[in-house]
Amino acid sequence: MEVGVVGKPNVGKSTTFNALTLLDVPMAPYPFTTTTPNRGVGAVRVACPHAEKGAPCDPGNAKCLDGVRWVPVNLVDVPGLVPGAHEGKGLGHKFLDDLRASAGFLQVVDASGATNPEGEIVAPGTSDPSEEVHWLERELVAWVTEILTRDFAKTMRSVELEGAKVEEFLQARLTGLSITPAEVSAALRAVPVDRDRPSTWTASDRARLSEALLRASKPRVVSANKCDRSTPEAVEMLSERSAPIPVVPTCAEAELTLRRASRGNLVRYRPGDPTFEVAPGAPLSDRQERALAEVRAVMKRWGSTGVQAALERLVFGELRQISVFPVEDEARWVDSRGRRLPDVLLVPAGTTAHAMAYRVHTDLGENFIRAIDGRTHRALAAEHPLSDGAVIRVVARK
Ligand SMILES: Nc1nc2c(ncn2[C@@H]2O[C@H](COP(=O)(O)OP(=O)(O)OP(=O)(O)O)[C@@H](O)[C@H]2O)c(=O)[nH]1
Ligand SMILES: [Mg+2]
């Protein structure tokens, strides 16, 4: 799974990305610090069921800390977008193509209102961050529209002449954007267009279709960043004005400070925790002490730094991912090499046993006979939807 970190310049996208990945890409208090996309790996938390077996797990793809598995999620940090990017403003929107594979977006905004639409610093409270949420939508719609309608009139005339289905044509064109055939069909149902005569679709028909596609297939969560310089009232107003897009207050700078200090063994902190502890005897400089005191104040005020929560809100809340643990022995929950609960998969809620088998391996999907629930030891039919945290053995033809 991949998540794109997007937004206008200078809001803290790279700081968020660095905090989530512990990489070290450039961050600076001016616009267009990032000029090419950065890629890295963050993680989301799911409960590890190893305690139910009274024995430790042997993680392969997701480390386990105190019963919590950290499941990798790919992240892309792109250059800042400005209003009019689709017409070439700022750095334009070419790099949006680097977000094709993203399942959803974490939009970072400046909740302190201290950067203008171009990312230049202005007096706090001058800029309304909800405007960023709305114009980013327009830029994203313009991006999808452009992909959707490349050579549209010509292509659509030939689709009509050949008597082909517009639905299939659009599905083929949009798979590159990680939009599923089902999402294309749903968007075509939601927007009243004449499916038999796509060459007659107006520009506004196409834009409405793009908007429906985007809403259904690329959900967004807003990270109300720089909350250390904002107020609960301002974040509340942003939430109201951004609805139905969820808003999570964040302080990326604090999260980055904590993750780095934790890596250096100066503090004990697990991302997402409401607080942290200074490690006994940690050799903190005065500067570090002051920085940590500020972080503590932010966490006290907002409950946590919010960064891990924002990512998880997107992955679990908006993208509706659940965890499943494939095993090869349903009694001991081990794989063929005796490793207990080696892997965790994130799959969309509603994923069937058969679809999960395909996710593990194409062969397993093709030769699927049935699945076995590791808790009840009951057989599950191919179309059985899996529950969150399920431990599953797939029985396949050899
Ligand atoms: N006060 C405060 N400043 C922050 C926070 N997060 C980031 N910043 C600062 O905001 C500035 C911009 O951060 P970046 O991460 O470079 O922003 P960006 O969105 O990647 O910017 P571009 O790459 O130019 O689009 C830097 O000076 C950061 O230190 C935060 O939570 N609070
Ligand atoms: Mg950046």
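So, here's what we can say about the structure. (Residues numbered from 1 in each chain as written. Chains lettered and ligands numbered in written order. Predicted model: local features only at pLDDT ≥ 70, side-chain atom pairs only at ≥ 80, totals over all residues. Heavy atoms only, no water.)

1. Some points on the coordination of the magnesium ion (ligand 2)
Then step 1. For the magnesium ion (ligand 2), the full set of protein donor atoms is Ser14 (OG) and Thr34 (OG1), at a range of 2.0 to 2.1 Å. One end of the pair, Ser14, is in helix α1 (residues 13-21); the other, Thr34, is in the loop between α1 and β2 (38-47), and 20 residues separate them in sequence. As far as burial versus exposure is concerned, Ser14 and Thr34 are alike and both buried. (Donors = N, O, S within 2.8 Å, 3.2 Å for Na, K, Ca; no water. Helix = DSSP H or I, 4+ residues; strand = E, 2+ residues; numbered from the N terminus. Buried < 20%, exposed > 50% of the residue type's maximum accessible area, 1.4 Å probe, protein only.)

2. Concerning the site of ligand 1
Then step 1. Contacts to ligand 1 come from 23 residues, most closely from Lys13, Thr15, Phe32, Thr33 and Glu253.
Then step 2. Contact distances for ligand 1 include 3.3 Å between an oxygen atom and a backbone N or O atom of Pro29.
Then step 3. Tyr30 is positioned with one of its backbone polar atoms (N or O) 3.5 Å from an oxygen atom of ligand 1.
Then step 4. For ligand 1, whose free accessible area comes to 650 Å², the fraction covered by protein is 93%.
Then step 5. With three residues, the top contributor of residues to the shell around ligand 1 is α1.
Then step 6. Taken together, the residues that form the shell around ligand 1 break down as 10 nonpolar, eight polar and five charged. (Near = heavy atom within 4 Å. Polar contact = N/O pair within 3.5 Å; in protein donor to acceptor, adjacent residues only side chain to side chain. Areas by Shrake-Rupley, 256 points an atom, 1.4 Å probe, with all protein chains shown as cover. Nonpolar A, V, L, I, M, F, W, Y, C, P; charged D, E, K, R; others polar.)

3. Observations regarding the pattern of salt bridges
Then step 1. Inspection of the entire model under this criterion finds 20 salt bridges.
Then step 2. A salt bridge links Glu52 to Arg375, with the nearest nitrogen and oxygen atoms 2.8 Å apart. Placement of the pair is Glu52 in the loop between β2 and β3 (64-65) and Arg375 in the loop between β12 (368-373) and β13 (379-380), with a sequence separation of 323 residues.
Then step 3. With relative accessibility at 37%, the residue Arg375 sits in the partly exposed group.
Then step 4. Look at the salt bridges and you will find they share partners, linking Glu137, Glu211, Arg215 and Arg220 into a network. (Salt bridge = Lys/Arg side-chain N within 4 Å of Asp/Glu carboxyl O.)

4. Quick word on the pairing of strand β4 (residues 68-77)
Then step 1. Where burial is concerned, most of β4 is hidden: seven out of the 10 residues are buried.
Then step 2. For strand β1 (residues 2-6) and β4, the ladder comprises four bridges, and the chain directions are parallel. Within β4, the position partnered with Gly4 by the bridge is Val76.
Then step 3. Sheet topology note: the β2/β4 ladder contains 10 bridges and is antiparallel. The residue of β4 that forms the bridge with Ala43 is Pro72. (Pairing = 2+ DSSP bridges.)

5. Looking at the pairing of strand β5 (residues 104-110)
Then step 1. Within β5, seven of the seven residues are buried, leaving the element largely enclosed by the surrounding structure.
Then step 2. What you see with β5 is no split at all: Gly104, Leu106, Val108 and Asp110 on one side and Phe105, Gln107 and Val109 on the other are buried throughout.
Then step 3. Of the pairings in the sheet, the one linking β1 to β5 comprises four bridges and is parallel in character. Across the sheet, residue Val5 finds its bridge partner in β5, namely Leu106.
Then step 4. Here β5 pairs with strand β6 (residues 220-225) via six bridges, running parallel. Residue Val108 lies in a different strand from β6, and its bridge partner there is Ser223.

6. Some remarks on the side chain of Gln308
Then step 1. Relative to the elements of secondary structure, Gln308 occurs in helix α10 (residues 307-318).
Then step 2. Polar side-chain contacts of Gln308 include one of 2.9 Å to the side chain of Arg259.
Then step 3. Separated by 2.7 Å, the side chains of Gln308 and Glu312 make a polar contact.
Then step 4. Setting aside anything within four residues of it in sequence, one finds Gln308 in contact with Leu20, Ala43, Val44, Arg45, Trp70, Arg259, Pro271 and Gly272. (Contact = heavy atoms within 4.5 Å.)

7. With respect to helix α11 (residues 353-360)
Then step 1. Three or more residues of α11 are buried, namely Ala353, Met356 and Ala357. One face of α11 carries all of its buried residues, which in axial projection span an arc of 105 degrees.
Then step 2. The secondary structure elements touched by the buried residues of α11 are β10 (321-327), β11 (345-348), α12 (362-366), β12 and β14 (390-396). (Arc of directions from axis to C-beta.)

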